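# Secondary and tertiary structure notes
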Amino acid sequence: MATIVDGVKRLQENGIKVIVIGAGVAGLQAALECWRKGCNVVVIEKDEKLSSIGDFFTIGPSGSTTVKDFPSMHSDYHKCVYDCSMDLYTPSGTEIFSMSPEWKEYSGKGVAPDVDISFLKRRSEYARMQVDQAERLHIPIHWADKFGVEVTTASGKKFDGDLYIGASGIGSTVPGFDFGSQVAVQDSGYAIARVAFPRTAVPEGSLASELVRAADSRPRFRTYIGNNIHLILYLTPNWLGFAFTHPDLNSAKESWGDLKDPSTLIHFLEEANASWDPAVLDFVRAAPSGVVDWKLRWRDGAEQWTSSNGRLVLMGDAAHAFFPTSGNDATQGIEDAVSLAECLSIGGKDGVVQATKVHNKLRFERVNILQLLGFVNREELHNADVEAIMADKTKAKIGYFTLGSWSWNHDPEAKCLAHLTDGKPFQYTNVPPGHAYQPWTLESENKRLKDGAKSDLKSNGYWGM
Ligand SMILES: Cc1cc2nc3c(=O)[nH]c(=O)nc-3n(C[C@H](O)[C@H](O)[C@H](O)COP(=O)(O)OP(=O)(O)OC[C@H]3O[C@@H](n4cnc5c(N)ncnc54)[C@H](O)[C@@H]3O)c2cc1C
C-alpha cells in the first residue's frame, strides 16, 4: 500500500535494498527517488558533513521533473531560485545579446511546469535542500564513512543490499566497480577558477559595485567571451560569483583544486584580452581569497555503467564526466537518479539486474552526446568572432546559449521502459531528433581542434526549440 510521509507519496515497499555511495547531488537524488519508489535506502558519504565548497550550477527542466513530488522540498526550492537573464558581453563591457534560458522562451508545454527553473542555483543550497528532504523521510545518511571493500565501510560497518549505486564523483574509484566507466582519468589541459561570495564583499562606490547593481532589476548569468577563455559573472541580489575556464599551466600537480587569492589568477584574463572593462577586473579582485582553481579532468565516456552481475551501477560524475560548459553535469546526475528508480520500480525485486542494465542502455547515448556538447560549447565561446556576432545578432546563440529542446524538454521518468515492452527494436528517443550517433574520445576531439576542423554536433539532428 502506498504511504505518505512529509507529503511525499511513496509506492508500496518493494523489498529492494539500495546502498548509495556518495551524498553528492546525484547520490542524494537517487536516495530520494528510490525511496519514493518503495526501496529501502542507505547513503554512505566520506565527508563529515555537507561541504559548503562550490558556487553555482544549472539544473534544467529534465532534472527538475520530480521536484513537485516532494512538496516541502518543492517549497524550499522556490526560496532559492534566481530567475536570471543570460547575457553575452565583450571583454570591454559591451552587451552583445541577452535572453532568458531557452526553456523560459519555449512556447510548448514544458516537462516541469510546476517548477520555476533558473540557469543559476547555489550548489550548496541545492544539496542542503536534498539532505533536509532525506532527513524528513528518515533516509539514513552515514557521514564520514567510506565505501570500503565490497559491502564493508572503512570504519567496519557492514551493509548488504540488492543494489549498490556508486555516486562518488569523478575523482573516485569504487571497489568492485572495475569495469566500464572506471577508465583512466585524464587531464583535459584546462582548469576552472570559480567562487561564490556575499554581495557585501564588494565595497560601495567601487567600480565593481556598478556591475553588481545590475542584479537589482534581475539576477544575471553573464558571459564575457575572450580569446581562448570565457568568464562568467554570477550576479544575484545576495550572492555574487565568477567562473572562468583557462588553460591549465600546471598539469603535473596532483591536487584537484587549489584555494587561491583572486589576484594570482587575474593574469589569465589579462593575457587573453588587453581591453577588459576595469569594473570586471575589479569584481574579480573583490572576491575573498579562497577561489577554487579546479583542474578539469576527464574520463572518456564508457558505455557500461553496471557490473556484469548488474548489482553495481555508477551514476552522475562517477559514470560520466562533464565539462561545465555542457550546462548538464548536475542535470544528468539527477536524470540518472530518476531513470534508475523508475526502472527498479517497474522491474521489482526480482528484476534488479535487468533494471540496472535497461537504465544504462536508456541513458548512454543521450549522456554521451551531452558530454561532447561541453567541448563544442567551450570551443564556440573561446573562438567566438565577436565582430561577426555584433554585426549579425542571429549568430549570438553560441555555447550554452543553445542547448536544444531535445536536451531539456525530456522526462526521464515518463516513458522509462515503455519502448522496451512494445517488442520493437531498441531505438533512442531521448537524443536530438534525426541525430546519427558518432562515437568520440578526448583524443579525437583534441585532434579535431588541432586540425582546425569544425564540429558538426549542433547540425547533427534538430537542436532548435
Ligand atoms: C563539494 C562540491 C562542490 C561542487 N561545486 C560545484 C559548483 O560550484 N559548480 C558546479 O558546476 N559543480 C560543482 N560540483 C560538481 C557537481 O556537484 C557535480 O558535477 C554534479 O552535481 C554531479 O554530482 P555527483 O553527485 O555525481 O558528484 P559530486 O557532486 O562530486 O558528489 C560525489 C560525492 O561522493 C562523495 N564520495 C567520494 N568518494 C566516496 C567514497 N569512497 N565513499 C563515500 N562517499 C564518497 C564525495 O565526498 C561527494 O560528496 C561540486 C561537487 C562537490 C563534491
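Since the structure is predicted, the reported quantities are computational estimates derived from the model, not experimental observations. Sequence order as written defines residue numbering, which begins from 1 separately in each chain. Selection of residues for local features in this predicted model requires a pLDDT of at least 70, selection of side-chain atom pairs for listing and counting requires 80 or more, and totals for whole chains, interfaces and linings are taken over all residues. Only hydrogens and water are set aside; all other atoms, that is, all heavy atoms of the structure, feed into the side-chain values.

## Digging into the packing of helix 8 (residues 329–347) against helix 9 (residues 352–382)
The test is simple: Only C-alpha atoms enter the line fits that serve as axes; for helices the fit covers just the stretch in contact. Angles between N-to-C directions range over 0 to 180 degrees. What counts as a helix is a DSSP run of H or I of at least four residues, what counts as a strand is a run of E of at least two, and both are numbered from the N terminus. Working rule for angles: under 35 degrees goes down as roughly parallel, over 145 as roughly antiparallel, 65 to 115 as roughly perpendicular, anything else as oblique. Helix crossings are classified by the rotation of the near helix relative to the far one: an anticlockwise turn of less than a right angle makes the crossing left-handed, while a clockwise turn makes it right-handed. Note on definitions: a residue-residue contact is assigned when non-hydrogen atoms from the two residues lie within 4.5 Å. Under the grouping applied here, Gly and all other residues not named as nonpolar or charged are polar, the nonpolar ones being Ala, Val, Leu, Ile, Met, Phe, Trp, Tyr, Cys and Pro and the charged ones Asp, Glu, Lys and Arg.
Interaxial distance between helix 8 and helix 9 falls to 9 Å at its minimum, and their mutual angle equals 155°. It follows that helix 8 is roughly antiparallel to helix 9 by the angle criterion. By crossing handedness, the relation of helix 8 to helix 9 is classed as right-handed. Taking contact as the criterion, the partners of Q332, E335, D336, S339, L340, C343 and L344 in helix 8 are, on helix 9, V352, A355, T356, V358, H359, L362, R363, R366, V367 and L370. Residue composition of the contact of helix 8 with helix 9, grouped by class: nine nonpolar, four polar and four charged.

## Here we look at empty space enclosed by the protein
Put simply, the rule is: The method works on a 1 Å grid over the protein atoms by themselves. A cavity is a set of points holding a 1.4 Å probe that cannot get out, a pocket is an open set with protein on both sides within 12 Å along at least five of seven lines, and residues with an atom within 4 Å of a point line them. Grid points are joined across faces, edges and corners, and a volume is the space filled by probe spheres set on the points.
All chains considered together, the criterion is met by two cavities of 30 Å³ or more. There is about 60 Å³ of room inside the largest cavity. Lining the largest cavity are T58, G60, S62, W103, G327, N328, T331, L403, S407 and W408. Along the lines of polarity and charge, the residues of the lining of the largest cavity split into three nonpolar, seven polar and no charged.

## Focus: helix 9
Here is the rule: Residue count minus one, scaled by 1.5 Å, sets the expected span of a helix. For a residue, the bend is simply the angle between two axes, fitted respectively to the seven-residue segment ending there and the seven-residue segment starting there. Throughout this description, buried means an accessible area under 20% of the type-specific maximum (1.4 Å probe, protein chains only), exposed means over 50%, and partly exposed covers the range between.
With 31 residues, helix 9 should reach 45 Å at 1.5 Å per residue; the first-to-last C-alpha distance of 44 Å fits that figure. Approximately 35° is the largest bend angle found in helix 9, and it occurs at F364. Within helix 9, 26 of the 31 residues are buried, leaving the element largely enclosed by the surrounding structure.

## Considerations on the UniProt feature "domain: FAD-binding" (unreviewed entry) in the protein chain
Formally: UniProt positions are given in the numbering used here, feature names are shortened, and annotations may be inferred rather than shown by experiment.
Feature annotation in UniProt places "domain: FAD-binding" (unreviewed entry) on residues 293–344, given in this structure's numbering. As annotated, residues 293–344 comprises 31% helix and 17% strand, and the C-alpha atoms at either end are separated by 38 Å.

## Description of the pattern of salt bridges
To keep things clear, this is the line we draw: Salt-bridge detection follows one rule: a side-chain nitrogen of Lys or Arg within 4 Å of a carboxyl oxygen of Asp or Glu.
All told, the structure shown has 33 salt bridges when counted by the stated rule. Across the pair K37 and E413 runs a salt bridge whose closest N-O atoms are separated by 2.6 Å. Placement of K37 in the loop between helix 1 (25–36) and strand 4 (40–44) and of E413 in the loop between helix 11 (405–408) and helix 12 (418–421) is noted, with a sequence separation of 376 residues between them. The exposure class assigned to E413 is buried, which follows from its relative accessible area of 14%.

## Concerning the domain arrangement of the protein chain
Rules: Those domain boundaries reflect an automatic or database domain assignment. By definition, the buried area sums, over both parts, the 1.4 Å-probe accessible area that each loses when the two are put together.
Assigned domains of the protein chain: these are domain 1 (3–83 + 116–183 + 300–459) and domain 2 (187–297). A straight line from the C-alpha centre of domain 1 to that of domain 2 covers 27 Å. Contacts between the two partners involve 24 residues from domain 1, matched on the other side by 31 residues from domain 2. Roughly 2300 Å² is buried in total at the junction of domain 1 and domain 2, and carbon and sulfur atoms are behind 67% of that figure.

## Description of the site of the ligand
Selection criterion: Whether a residue is near a molecule or strand depends on its heavy atoms: if one lies within 4 Å, it is near. N or O atoms closer than or at 3.5 Å make up a polar contact, with two conditions inside protein: a donor-capable atom paired with an acceptor-capable one, and, for residues adjacent in sequence, both atoms drawn from side chains. All accessible-area figures derive from a Shrake-Rupley calculation using a 1.4 Å probe, and residue coverage is judged against the displayed protein chains alone.
Neighbouring the ligand are 30 residues; A26, E45, D55, R123 and D317 lie closest to it. At a separation of 2.9 Å, an oxygen atom of the ligand approaches a polar backbone atom of A26. The separation between an oxygen atom of the ligand and a polar side-chain atom of R123 is 2.8 Å. Taken by itself the ligand offers 920 Å² of open surface, and the protein chains cover 88% of this. Where the shell around the ligand is concerned, the elements lending two or more residues are helix 1, strand 5 (56–57) and helix 8. With three residues, the top contributor of residues to the shell around the ligand is helix 1. Classifying every residue of the shell around the ligand by side-chain character gives 11 nonpolar, nine polar and 10 charged.

## What about the packing of aromatic side chains?
Inclusion rule: Pairing of aromatic rings covers Phe, Tyr and Trp, the last counted by its six-membered ring, and requires centre-to-centre distances within 6.5 Å; plane angles under 30 degrees mean stacked, over 60 mean edge-to-face, and any other angle means tilted. Criterion for a charge above a ring: Arg CZ or Lys NZ at most 6 Å from the ring centre, at most 35 degrees from the ring normal.
The tally for this structure, following the rule as stated, stands at 23 aromatic pairs. A centroid spacing of 6.0 Å and a plane angle of 70° characterise the contact between F57 and Y126, whose relative ring orientation is edge-to-face. Separated by 69 residues along the polypeptide, F57 in strand 5 and Y126 in helix 4 (residues 123–136) bring together distant segments of the chain. A ring pair is formed by W103 and F119, whose centres lie 5.9 Å apart and whose planes are at 20°; its orientation type is stacked. A residue pair is termed long-range when its members are at least 10 positions apart, and W103 in helix 3 (residues 102–105) and F119 in the loop between helix 3 and strand 8 (121–122) qualify at 16 residues. On the basis of relative accessible area, F119 is assigned to the buried category, the value being 3%. Here the aromatic cluster, defined as three or more aromatic residues joined through ring pairs, consists of F56, Y82, F97, W103, Y106, F119, F221, Y234, Y400, F401 and W408. A cation over an aromatic ring shows up here: R122 above the ring of W239, its NZ or CZ 4.0 Å from the ring centre. Stacked on the ring of Y190, the Lys or Arg R378 has its end atom at 3.8 Å from the ring centre.

## A word on the environment of R366
Summarising the element assignment, R366 is placed in helix 9. With relative accessibility at 0%, the residue R366 sits in the buried group. The sequence separation of R366 and W406 amounts to 40 residues, and the corresponding C-alpha distance is 9.7 Å. Ignoring sequence-local partners within four residues, the contact set of R366 consists of S62, Q332, E335, W406, S407, H410, N430 and V431.

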